[in-house]
Amino acid sequence: MSLLNVGARALLANQIALATTGNNIANANTVGYSRQTAVMSQVPGQYTGSGYIGKGVEVSTIERAHSDFLTTQATQAASVSSMDSTRANQLSSLEDIFTGGASGLGASVTDMLNSLSDVASTPTDISARNVVLTRADEMSARFRDAQSRLDDLQQGVKSQLGDAVTTINSLATRVAALNQQIARSQGGGQAPNDLLDQRDQAMRDLNQQVQTTTVAADDGTMSVFIGSQPLVLGSSAATLSLATGADGTQALTLTRANAGTTIQGETLGGGAVAGLLRFQNTDLAEARNLLGRMATTITSAVNAQHKLGVDLDGNAGGNFFQPIAVPDAVPATANTGNATVGATVTDPSALAASSYQLNFGAAGSLQVTRLSDGKISNFAGPLPVQVDGLTIAVGAGTANAGDSFTLKPYAAAAGQVATAITSPRALAAASPIEARAGTSNTGNVTVSALAPAKADANMTGTVTLTFNAAGTVDVSGTGTGNPTGVAYTAGQPISFNGWNLTLKGTPKPGDTITVQAATPGYSNLNAGNATALLGLRDATVFDGAPLSDGYASLMATVGVRSQSAQYAAGISNSIATNLETSRTSVSGVNLDEEAANLLKYQQAYQASAKMIQIAQSIFDTLLQGMN
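Residues numbered from 1 in each chain as written. Predicted model: local features only at pLDDT ≥ 70, side-chain atom pairs only at ≥ 80, totals over all residues. Heavy atoms only, no water.

J.: Honestly, the packing of helix α5 (residues 126–185) against helix α7 (residues 272–306) in this entry has me stumped. Any pointers?
T.: When two helices pack together, their arrangement is given by the angle between the helix axes and by the axis-to-axis distance. α7 packs onto α5 with a crossing angle of 165 degrees between their chain directions and a minimal axis gap of 11 Å. In terms of orientation, α5 lies roughly antiparallel with respect to α7. Considering only the axes of α5 and α7, their crossing is left-handed. Looking at side-chain class alone, the contact of α5 with α7 contains 18 nonpolar, four polar and three charged residues. (Axes fitted to C-alpha atoms, helices over the stretch in contact; angles between N-to-C directions. Helix = DSSP H or I, 4+ residues; strand = E, 2+ residues; numbered from the N terminus. Parallel < 35°, antiparallel > 145°, perpendicular 65-115°, else oblique. Left-handed = near helix turned anticlockwise from the far one by under 90°. Nonpolar A, V, L, I, M, F, W, Y, C, P; charged D, E, K, R; others polar.)

This is the structure in structure tokens:
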């Protein structure tokens, strides 16, 4: 009977081992499955006078191949890889918006400004003037198209964020349910391997969306945290949602027991949500500001110069482009005052591609924080104040101490670009002033260029320059202050009353140059303002760069971010792949190994059956001997 019991136990143990091996083979391609092993232990022997006699074998447990360390490392690395690859993909889409070449936005800006050269050469040529308007319309259309594509990209990001949050909530609920099943099943003393595999896979899927940390409990449950906030506690799951701040940035809000906690995107270490939030709140916001500033600067600079000229009908120039209105600052929900705060562009060359945080203090003081780099400017008040080419003022109401506003001057500016003039005759190419050399001059000084530079009430007033023997010039005329002994260098501009005059040649003492209002015959034939408009190409406006290089700077900024993100995604993907390979080498099913185990357990099963057969034969022989 002892031999029969040993054989029966061995037969059953090897049958379980065969079933476990077969289960491994069947689930070799099942996602999240961990290889299982039947752990055998010997049955305690029976004591006799001759010593302990073995009583066979039994299966003590079914153990899954699992490494907590490798699983955690692989999950965290995959989460970082998901964040980096998500952001890199979005930046690649952003880079596609700002293309170069003839079809790019930069080329349209250059074409528009270059088209003014023909007007400068032949100011009365209607065809040349029509070309300028056509190029301006093309440039405006490309600005609006770029803004529209940015809006579409942002809508896509918001949609992806919404889907990701829904997935996170679903996975959190699943982990909580699995926690409950595991705690209940583990009460029997054996680990529920399949449930543990399902929870590990759910955690891997969850970390693809947002990086988490976990804390294991004695009852087998696992608490899940996003940052320091609990997403899953035992069998209870919190709810995530998206919150939008006054500045338009988005963050996660975790709600548990009707209490919400905000989790900022920059505190998330990984996951697709972290990549999407970083792209939307930082990369996309900067691209909007760069594009909007470019649109605002170009239209403001061109409008300001165009207003200084005279059109073919002798009328003063108006706006060439529709003015871009800076939207009012968005008040914080906790404000106690009723002020409306707005801004206007006063210096297009000083604009910074940024949004601003405005915080009011006591006695009307104001702190302005430039959000792109954190630079803080403090003003004692009262408003208006000037910051980065903007004049900030209270439009209506009163701001109380502690009130806060977010000013986003450029986020939607590119969508407003449009030409304001429709008739080629309305192009103010002529200068309202002209310069004449004195009829009795004995030197060879001549006028090289004269153009209006800025609005001035005395621009068309008569100003006389009289040259001295010492190589200096005396200036007389309303608004000049009548200075004497002003240094003169050929080729260097002389500026008074809002105009710039450049002379060439060598004057003799007593020679004069007179700047005055343009006469009717001169007004129709000169193109001083068209030349000044053409000169805007080289005006320093974009962080020290010429106007014509503004788009190149924008492309470079987006391109560098995209390349850096692609590099980071490649590195993190390599790390994640290596760690996942290490994890699966421990937990994964090796079919060759399982095939060898199948033969081993088959032979052991057959040997166990033979043992039972022998025991039966011996028992039969014993019974026959007793008859």
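That shown, we press on.
J.: What is the right way to look at a nonpolar patch on the surface in this model?
T.: Judged by side-chain polarity, F619, L622, L623 and M626 come together as a nonpolar surface patch covering roughly 420 Å² of accessible area. Using a relative accessible area of 39% as the deciding quantity, one classes L623 as partly exposed. (Patch = residues over 30% accessible without salt bridge, like charges linked within 9 Å, V, L, I, M, F, W, Y side chains within 5 Å. Areas by Shrake-Rupley, 256 points an atom, 1.4 Å probe, with all protein chains shown as cover. Salt bridge = Lys/Arg side-chain N within 4 Å of Asp/Glu carboxyl O. Buried < 20%, exposed > 50% of the residue type's maximum accessible area, 1.4 Å probe, protein only.)

J.: Explain the environment of V447 to me, please; I cannot follow it from the model alone.
T.: Looking at the secondary structure, you find V447 in strand β21 (residues 446–452). Relative accessible area serves as the criterion here: at 32%, V447 is assigned to the partly exposed category. Taking the C-alpha atoms as reference points, V447 and G505, 58 residues apart in sequence, are found 8.8 Å from one another.

J.: Would you take a moment to explain the side chain of R199 for this structure?
T.: By the secondary structure assignment, R199 is in helix α6 (residues 193–209). Although R199 is buried, it forms no salt bridge, and the closest oppositely charged side chain is D200 at an N-O distance of 5.0 Å. Sequence-distant contacts of R199, defined by excluding residues within four places in its chain, comprise V175, L178, N179, I182, G220, T221 and M222. (Lys, Arg positive; Asp, Glu negative; His and termini not counted. Contact = heavy atoms within 4.5 Å.)

J.: Help me understand the packing of aromatic side chains, please; the structure alone is not making it clear to me.
T.: Two aromatic rings are characterised by how far apart their centres lie and by the angle between their planes. Per the counting criterion, the structure on display carries five aromatic pairs. Ring geometry for F467 and Y488: centres 5.2 Å apart, planes at 75 degrees, overall edge-to-face. In this pair, F467 sits in strand β22 (residues 463–467) while Y488 sits in the loop between β24 (486–487) and β25 (494–496), placing the two residues 21 residues apart along the sequence. Given a relative accessible area of 2%, F467 falls into the buried group. (Phe/Tyr/Trp six-rings, centres within 6.5 Å; stacked < 30°, edge-to-face > 60°.)

J.: Teacher, can you tell me more about helix α9 (residues 528–535) here?
T.: Side chains three or four residues apart in an α-helix point the same way, a direct result of the helix having 3.6 residues per turn. Within α9, six of the eight residues are buried, which leaves it mostly tucked inside the rest of the structure. By the burial criterion, the buried members of α9 are G528, N529, A530, A532, L533 and L534. Elements in contact with the buried residues of α9: α3 (105–114), α4 (116–121), α7 and β21.

J.: What is the right way to read the packing of α3 against α5 from this model?
T.: Two elements in contact, α3 and α5, have axes whose closest approach is 8 Å; the angle formed by their N-to-C orientations is 160 degrees. For the element pair α3 / α5, the angle class is roughly antiparallel. Here the hand of the crossing between α3 and α5 comes out left-handed. On α5, the residues touching L105, A107, S108, V109, D111 and M112 of α3 are V132, R135, A136, M139, R142 and F143. The residue makeup of the contact of α3 with α5, split by class, is eight nonpolar, one polar and three charged.

J.: Please explain the sheet that holds strand β16 (residues 375–379) as it appears in this structure.
T.: Neighbouring strands of a sheet are bound in pairs by backbone hydrogen bonds; such pairs are parallel or else antiparallel. Spatially, β12-β19-β14-β15-β16 is the arrangement adopted by the five strands of the open sheet, whose pairing is antiparallel. What marks the edges here is a single partner per strand, and that holds for β12 (330–331) and β16. Where strand β14 (residues 356–360) lies against strand β19 (residues 404–407), four bridges are found, and the strand directions are antiparallel. Bridged to Q357 within β19 is T406. (Pairing = 2+ DSSP bridges.)

J.: Teacher, can you tell me more about the nonpolar core here?
T.: Side chains that are nonpolar tend, in soluble globular proteins, to be buried together. Within the largest apolar cluster, 82 residues are counted, with the highest numbers of intra-cluster contacts made by L94, F98 and F143. For this core, the element with the highest residue contribution is α5, accounting for 18 residues. Counting 20 residues, the second largest nonpolar core, distinct from the first, contains A329, L358, V368 and L390. (Core = buried A, V, L, I, M, F, W, Y, C linked by side-chain atoms within 4.5 Å.)

J.: Which parts of the structure should I look at to understand the sheet that holds strand β10 (residues 250–256)?
T.: Read from one edge to the other, the open sheet built from three strands follows the order β9-β10-β11, with strand pairing classed as antiparallel. Each edge of the open sheet is held by one strand with a lone partner, namely β9 (239–244) and β11 (259–263). When the angles between neighbouring strand axes are averaged without regard to direction, this sheet yields 35 degrees. The pairing of β9 with β10 spans six bridges and is classified as antiparallel. Following the sheet pairing, S241 is matched in β10 by T253. Of the strands in this sheet, β9 and β10 touch α5, which is tilted by about 160 degrees from β9.

J.: Explain the pattern of salt bridges here, please?
T.: Close approach of charged atoms allows side chains of opposite charge to pair. Applying the stated criterion to the full structure yields 13 salt bridges. For R288, the salt bridge goes to D151, with nearest N and O atoms at 2.6 Å. With a gap of 137 residues between them, R288 in helix α7 and D151 in helix α5 connect regions that are remote in the sequence. Classification of R288 as buried rests on a relative accessible area of 11%. D151 sits in the partly exposed class, given a relative accessible area of 32%. Several salt bridges converge on common partners, so that one network encompasses R87, D283, E286 and R561.

J.: Any chance you could explain the side chain of R35 here in plain terms?
T.: Tracing the backbone through its elements, the reader meets R35 in the loop between α1 (2–26) and β1 (36–42). Of the buried charged residues, R35 lacks a salt bridge, with E593 as the closest side chain of opposite charge at 4.2 Å. Engagement of the side chain of R35 in a polar contact is seen with the backbone oxygen of V586, the distance being 3.1 Å. Setting aside residues no more than four positions away along its own chain, R35 makes contact with N24, E63, R64, A65, V586, S587, G588, V589, E593 and E594. (Polar contact = N/O pair within 3.5 Å; in protein donor to acceptor, adjacent residues only side chain to side chain.)

J.: What should I look at first to understand α3 in this one?
T.: Within α3, seven of the 10 residues are buried, which leaves the element mostly enclosed by the surrounding structure. Taken residue by residue, α3 has L105, G106, A107, S108, V109, M112 and L113 as its buried positions. Turning to α3, the residues buried within the fold contact α4, α5, α7, α9 and α10 (550–587).

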